[in-house]
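Okay, here's what each chain looks like letter by letter:
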Amino acid sequence: MEVRDITLSYERSVVFEGLHLSIEAGKVTTLIGANGSGKSTLLKAFGRILMPSTGTVYLDGRPVREYATREVARRLAILPQKPLTPSATSVRDLVSRGRHPHQSLLKSWTSSDAEVIDAALAATGLSDLAARDVGSLSGGQLQRAWVALVLAQESPTILLDEPTTFLDLSHQLDLLELVRSINRERGATVVMVLHDLSLAGRYSDRLVAVGRGRVLADGTPWEVLTPEILRSAFDLDALVVPDPSSGTPLVVPAVRAETTSGFALLP
Ligand SMILES: Nc1ncnc2c1ncn2[C@@H]1O[C@H](COP(=O)(O)OP(=O)(O)OP(=O)(O)O)[C@@H](O)[C@H]1O
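Described in the following lines is the structure provided in the data block. Predicted model only: the values in this text are computed from it and were never measured.

This part takes up the sheet that holds strand β2 (residues 14-22). The sheet built from 4 strands is open, its strands ordered β2-β1-β4-β5 with antiparallel pairing. Whereas interior strands pair on both sides, the edge strands pair on one side only; in this sheet they are β2 and β5 (62-63). In the sheet, strand β1 (residues 2-9) pairs with β2 via 5 bridges, with the strands oriented antiparallel. From the neighbouring strand, Leu8 faces β2, where its bridge partner is Phe16.

Encoded structure:
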């Protein structure tokens, strides 16, 4: 995937102008950056949820706007930051929506669709909750159900906006291990947004730091998670040391004497 010279904006604000970025196929790329820096906006452009006002987004070498919607959904799955949860729907029904792009007038539901859904439920630890209404799930269970839908879609490209939201640390690790196994075993291209920089460093081949309307840094976790770049992207003083468990960069924020991100301390 690639964006060439794109402008991404909302009614009153331009988030990116003249942005170029290409995503390597078969790799895990994570977008990092401060709140409001444009990570979700960029992911939405890759996922054809937001059209650029200038420039072009390419998917598999073709402008993404030229594909039929069903074709995009076969090639690319996106988990937005705040997906709209349907009412009166079981977990299994929600996950089965991932198979819709694979159905057509000529090809209806088959037993292999059911197998893919079972596998997606099992991979996200939801088999026992398959019959539950999605409205009754905890935040973390619901997040896993959305991830299961993305898995069931079996697309070669997966876009995940903060997929670890609501998950406890153990489930965060499980989810990121699952993402990495889909990347390694199915060769899927993954682009995600994560706020935990150490986990981003542990589970990504490449990090792209965005801020101030541009790409601030782009490279391997060790190239991007440096104290200088963390200061520039997050206004954060931090040490970066090798994670004793994985050898990847571990970001250790320095103790703060005062707030820097617009929060005001109570008097
Ligand atoms: N629907 C919208 N309408 C108007 N402005 C928007 C809309 N969505 C996002 N923005 C603005 O665009 C900018 C980038 O937002 P975006 O959600 O892409 O940031 P982000 O890096 O994903 O942030 P966060 O880490 O807080 O999720 C912000 O200033 C935000 O207020």
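What follows is about a nonpolar patch on the surface. A contiguous nonpolar surface patch, about 220 Å² in accessible area, is contributed by Leu239, Val241 and Val252. On the secondary structure map, Val241 appears in strand β11 (residues 238-242). Judged by its relative accessible area of 30%, Val241 falls in the partly exposed class.

Moving on, we come to the environment of Gly201. Mapped onto the elements, Gly201 comes out in helix α7 (residues 197-203). Judged by relative accessible area, which is 2%, Gly201 ranks as buried.

Once that is clear, we can look at the site of the ligand. Neighbouring the ligand are 13 residues; Gly36, Gly38, Lys39, Ser40 and Thr41 lie closest to it. Side-chain polar atom of Glu162 to an oxygen atom of the ligand: 3.5 Å apart, as the coordinates give it. When isolated, the ligand has an accessible area of 640 Å², and the protein chains bury 60% of it. Per-element accounting of the shell around the ligand gives the leading share, 3 residues, to helix α1 (residues 39-46). Among the residues making up the shell around the ligand, the classes are represented as 3 nonpolar, 8 polar and 2 charged.

This paragraph deals with the packing of helix α4 (residues 111-123) against helix α5 (residues 139-153). Orientation of α4 relative to α5, taken along the N-to-C sense of each, is 140°, at an axis distance of 9 Å. If you check the angle between α4 and α5, you find them oblique. For the crossing formed where α4 meets α5, the hand is right-handed. Every residue of α5 that contacts α4 at Val116, Ala120 and Ala123 is listed here: Ala148, Leu151 and Ala152. In the contact of α4 with α5, the residues fall into 6 nonpolar, no polar and no charged.

Conventions adopted
Residues numbered from 1 in each chain as written. Predicted model: local features only at pLDDT ≥ 70, side-chain atom pairs only at ≥ 80, totals over all residues. Heavy atoms only, no water. Pairing = 2+ DSSP bridges. Helix = DSSP H or I, 4+ residues; strand = E, 2+ residues; numbered from the N terminus. Patch = residues over 30% accessible without salt bridge, like charges linked within 9 Å, V, L, I, M, F, W, Y side chains within 5 Å. Areas by Shrake-Rupley, 256 points an atom, 1.4 Å probe, with all protein chains shown as cover. Salt bridge = Lys/Arg side-chain N within 4 Å of Asp/Glu carboxyl O. Buried < 20%, exposed > 50% of the residue type's maximum accessible area, 1.4 Å probe, protein only. Near = heavy atom within 4 Å. Polar contact = N/O pair within 3.5 Å; in protein donor to acceptor, adjacent residues only side chain to side chain. Nonpolar A, V, L, I, M, F, W, Y, C, P; charged D, E, K, R; others polar. Axes fitted to C-alpha atoms, helices over the stretch in contact; angles between N-to-C directions. Parallel < 35°, antiparallel > 145°, perpendicular 65-115°, else oblique. Left-handed = near helix turned anticlockwise from the far one by under 90°. Contact = heavy atoms within 4.5 Å.

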